[in-house]
Amino acid sequence: MISKNIPMCQAVLEHHRLLPLLPRFNIRLGFGEKSVDEVCRLNHVTTDFFMEISNAYLDDDYIPQTDLSLFPLGDLVGYLTSTHHYYLEVAIPKIERKIHQLLDGSALSEKERGLVSGFFNDYRKEFLEHVSREEQIVLPYILELEKQFLKEKPDGQFMKRLQGYTIRDFAREHDRLETSLENLSRLIIKYLPPFEDFDLCHQVLTDLADLVRDLIDHAHMEDKVLVPRVAELEQHLLRKFEA
Amino acid sequence: MKRLNFILCVEAYLLRKGVAAVLQRIPGAYVVREFGAVDLMAHYLKNHAVDFLLICDTLFEKATDLFIEEPGLLERTILLKKYPVRPEGAGKFKEVIYLTDGKQEITAKINELLNPYFRNHREEPHSTLTEREKTIVRLVSMGLTNKQIADKLFLSTHTIITHRKNIIHKLGIKSVSGLTVYAIVNNIITIDEVT
């Protein structure tokens with residue numbers, strides 16, 4: 001766990017898994033002596049929010065410490081969106097590039113090659129669909145929810161929708177994106193003939209494992225931070241409307 | 001997914017963290033807050049909806065006032081204590097967990113509490129495939145269409161589509177290539193058999 005008064009440099013050195021989070025908050029390196037809190041403020045990031053995300057990310061058993069209603073949902077939505085972009089624009093293309101490089105230099109049969117590249121291609125498409133659904137339906141819903149909550153009297157139509165679809169429904173429908181990637185690693189390690197370029201193969205497997213880990217953390221964050229926070233707001237809104 | 005809120009009131013830090021970690025792993029149980037003392041817990045309880053309170057025996061003794069004020073609370077309280085010299089039931093508590101309980105005993109006890117709430121909609125998203133579903137995954141991996149699979153198995157196309165929907169639901173894998181890789185790594189088919 002990190003606390004907000006320690007130097008940011010120390011936090012990142014001790015928990016290098018924080019590194020991929022930084023760009024998602026638009027935070028750059030070169031911290032000097034600044035504390036976690038100071039770095040957050042300088043970058044217009046709500047410190048408590050940064051702490052919740054980082055700690056949920058670092059510790060599977062982490063339980064939110066601060067009142068979840070302390071930070072605006074806009075922060076959360078912004079964070080999720082930039083995480084999606086990281087997956088789609090950085091992590092997945094990087095793996096895809098290396099996989100193609102690996103296949104090109106290999107002695108695999110046409111069929112085996114087709115299996116791997118077809119698999120990854122479909123995976124990327126499914127991933128994109130998943131993310132688009134979240135960005136077109138779920139995230140706007142969350143922002144609208146907050147907007148309605150701040151109003152004197154919520155919009156009747158929105159309230160009707162709220163009774164039909166809540167964040168819990170989203171949580172239930174939420175597909176797991178990491179299972180397929182684990183199958184791919186297993187395929188490479190166990191069933192395909194060995195690749196000549198072991199170093200490249202190692203890189204692919206490491207990148208896959210990192211992405212799996214990141215996706216699990218991301219899902220964990222959505223389940224432990226986003227869903228309870230939004231569910232709480234839904235309840236407040238329903239109560240406010242009923243009263 | 002439905003979830004039930006637990007709060008913990010356990011004095012010893014290591015014990016509290018241990019209990020929280022174990023509870024968090026039980027689907028449907030959710031630890032909303034942890035306390036190491038009674039006063040903060042009592043304050044929280046007054047302002048929040050909590051399904052269950054798990055409290056250690058030493059703090060329970062310090063919380064008698066709270067239980068007198070809220071008579072219904074005992075019904076939702078799980079006591080954490082050392083194993084008694086002579087076995088005893090849960091008594092006035094909803095449940096008693098002993099420090100000597102193993103993972104399975106604790107999980108069974110908590111599930112017993114959760115069951116009434118989940119009886120009608122407990123999901124098993126990652127349960128394994130039936131033999132019929134495995135056959136279908138195998139044929140899909142061999143490149144057969146739903147129609148071809150239906151003919152081969154003497155079933156209607158509609159039935160095959162239903163099976164395929166169930167497979168997607170169970171595995172979370174939609175694409176043919178994804179199912180093929182699944183079939184290979186689960187020994188449903190060999191790479192040589194794949195088209």
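The structure reproduced in this document is the subject of the present report.

So, how was this worked out
Residues numbered from 1 in each chain as written. Chains lettered and ligands numbered in written order. Predicted model: local features only at pLDDT ≥ 70, side-chain atom pairs only at ≥ 80, totals over all residues. Heavy atoms only, no water. Helix = DSSP H or I, 4+ residues; strand = E, 2+ residues; numbered from the N terminus. Buried < 20%, exposed > 50% of the residue type's maximum accessible area, 1.4 Å probe, protein only. Contact = heavy atoms within 4.5 Å. Areas by Shrake-Rupley, 256 points an atom, 1.4 Å probe, with all protein chains shown as cover. Arc of directions from axis to C-beta. Pairing = 2+ DSSP bridges. Axes fitted to C-alpha atoms, helices over the stretch in contact; angles between N-to-C directions. Salt bridge = Lys/Arg side-chain N within 4 Å of Asp/Glu carboxyl O. Parallel < 35°, antiparallel > 145°, perpendicular 65-115°, else oblique. Left-handed = near helix turned anticlockwise from the far one by under 90°. Nonpolar A, V, L, I, M, F, W, Y, C, P; charged D, E, K, R; others polar. Expected span 1.5 Å × (residues − 1). Core = buried A, V, L, I, M, F, W, Y, C linked by side-chain atoms within 4.5 Å. Buried area = accessible area lost by both parts, 1.4 Å probe. 1 Å grid on protein atoms, 1.4 Å probe; cavity = no way out; pocket = protein on both sides within 12 Å on 5 of 7 lines; lining within 4 Å. Points joined across faces, edges and corners; volume = space filled by probe spheres on them.

**A word on the overall build of chain B**
Piece 1. Scanning chain B from N- to C-terminus turns up nine helices and five strands.
Piece 2. The buried share of chain B, reckoned over its 195 residues, is 45%.
Piece 3. Here the contacts in chain B between residues at least 6 apart in sequence split such that 56% fall between residues at least 24 apart.
Piece 4. Counting every atom, chain B has about 10,800 Å² of accessible surface; 55% of that belongs to carbon and sulfur.

**Digging into helix α6 (residues 156-164) of chain A**
Residues and elements named next belong to chain A.
Piece 1. Those residues of α6 that fall on the buried side of the exposure criterion are F158, M159 and L162. What you see down the axis of α6 is that its buried residues fit within an arc of 100 degrees, all on one side. Counted as exposed and oriented over 90 degrees from the buried face of α6: Q157, K160, Q163 and G164.
Piece 2. Contacts made by the buried residues of α6 are with α5 (110-150) and α9 (198-242).

**Observations concerning the sheet that holds strand β1 (residues 4-9) of chain B**
Residues and elements named next belong to chain B.
Piece 1. Pairing is parallel across the open sheet formed by five strands, whose spatial order is β2-β1-β3-β4-β5. The outermost strands of the open sheet, each flanked by one partner alone, are β2 (29-35) and β5 (95-98). Taken pair by pair, the neighbouring strands of this sheet meet at an average axis angle of 25 degrees, ignoring direction.

**Some details on the pattern of salt bridges**
Piece 1. Enumeration over the complete set of coordinates arrives at 16 salt bridges over all chains.
Piece 2. The closest approach of N and O atoms between E144 of chain A and K147 of chain A, which form a salt bridge, is 3.7 Å. You can see E144 of chain A and its partner K147 of chain A sitting in helix α5, three residues apart, about one turn around the helix.
Piece 3. On the accessibility criterion, E144 of chain A (24% relative accessible area) is partly exposed.
Piece 4. Among the charged side chains, a network of salt bridges with common partners joins R16, K17 and E34 of chain B.

**Describing the packing of helix α8 (residues 157-171) of chain B against helix α9 (residues 176-185) of chain B**
Residue and element names in this part refer to chain B.
Piece 1. Across the interface, α8 lies against α9 with an axial gap of 12 Å and an inter-helix angle of 70 degrees. Considered as vectors, α8 and α9 are oriented roughly perpendicular to each other. Helix-helix and strand crossings are classified by hand; for α8 and α9 the assignment is left-handed. Residues R164, I167 and L171 of α8 form the contact with α9, whose own contacting residues are V176, L179 and Y182.
Piece 2. Its residues assigned to classes, the contact of α8 with α9 shows five nonpolar, no polar and one charged.

**Things to note about helix α8 (residues 179-191) of chain A**
Piece 1. With 13 residues, α8 of chain A should cover 18 Å at 1.5 Å per step; its first-to-last C-alpha distance of 17 Å lies within 8% of that length.
Piece 2. What α8 of chain A keeps buried is the set S180, L181, N183, L184, S185, L187 and I188 of chain A.

**Points about the nonpolar core**
Piece 1. Ranked by internal contacts, the top residues of the largest apolar core, which has 51 residues, are L184 and L187 of chain A.
Piece 2. Broken down by secondary-structure element, the contributors of at least two residues to this core are α4 (73-104), α5, α8 and α9 of chain A together with α6 (131-141), α7 (146-153), α8 and α9 of chain B.
Piece 3. Filtering out sequence-adjacent residues up to four positions away, L187 of chain A remains in contact with L115, V116 and L192 of chain A together with V181, I184 and V185 of chain B.
Piece 4. In this structure, L58, I167, V227 and L237 of chain A belong to the second largest nonpolar core, which totals 46 residues.

**Overview of the pairing of β5 of chain B**
Residue and element names in this part refer to chain B.
Piece 1. Side-chain alternation along β5 places E95 and I97 on one buried face and V96 and Y98 on a second face that is also buried.
Piece 2. The pairing of strand β4 (residues 77-81) with β5 spans four bridges and is classified as parallel. Within β5, the position partnered with I78 by the bridge is E95.

**Quick look at the interface of chain B and chain A**
Piece 1. On the chain A side, the residues contacting the 29 residues of chain B number 25 residues.
Piece 2. The contact between chain B and chain A buries some 2,400 Å² in all, and 55% of this surface belongs to carbon and sulfur atoms.
Piece 3. Among the elements that take part in the side of chain B that touches chain A, α9 of chain B stands out by supplying seven residues, more than any other.
Piece 4. The residue makeup of the side of chain B that touches chain A, split by class, is 13 nonpolar, eight polar and eight charged.

**Here we look at empty space enclosed by the protein**
Piece 1. Counted under the stated rule, the structure contains two cavities of 30 Å³ or more.
Piece 2. The computed volume of the second largest cavity comes to approximately 40 Å³.
Piece 3. Contributing to the lining of the second largest cavity are F119, D122, Y123, E126 and S180 of chain A together with I173, S175, S177 and G178 of chain B.
Piece 4. For the lining of the second largest cavity, the secondary-structure elements that each account for two or more residues are α5 of chain A together with α9 of chain B.
Piece 5. It is α5 of chain A that provides the largest number of residues to the lining of the second largest cavity, a total of four residues.
Piece 6. Residues of the lining of the second largest cavity, tallied by class, amount to three nonpolar, four polar and two charged.

**Considerations on the environment of I99 of chain A**
All names here are of chain A.
Piece 1. Within the secondary structure layout, I99 lies in helix α4.
Piece 2. Linking I99 and R113, residues 14 residues apart in sequence, is a C-alpha distance of 9.9 Å.
Piece 3. Apart from residues lying up to four places away in sequence, I99 is in contact with V116, F120, L184 and V204.

By themselves, these figures tell us nothing about what the structure is for.
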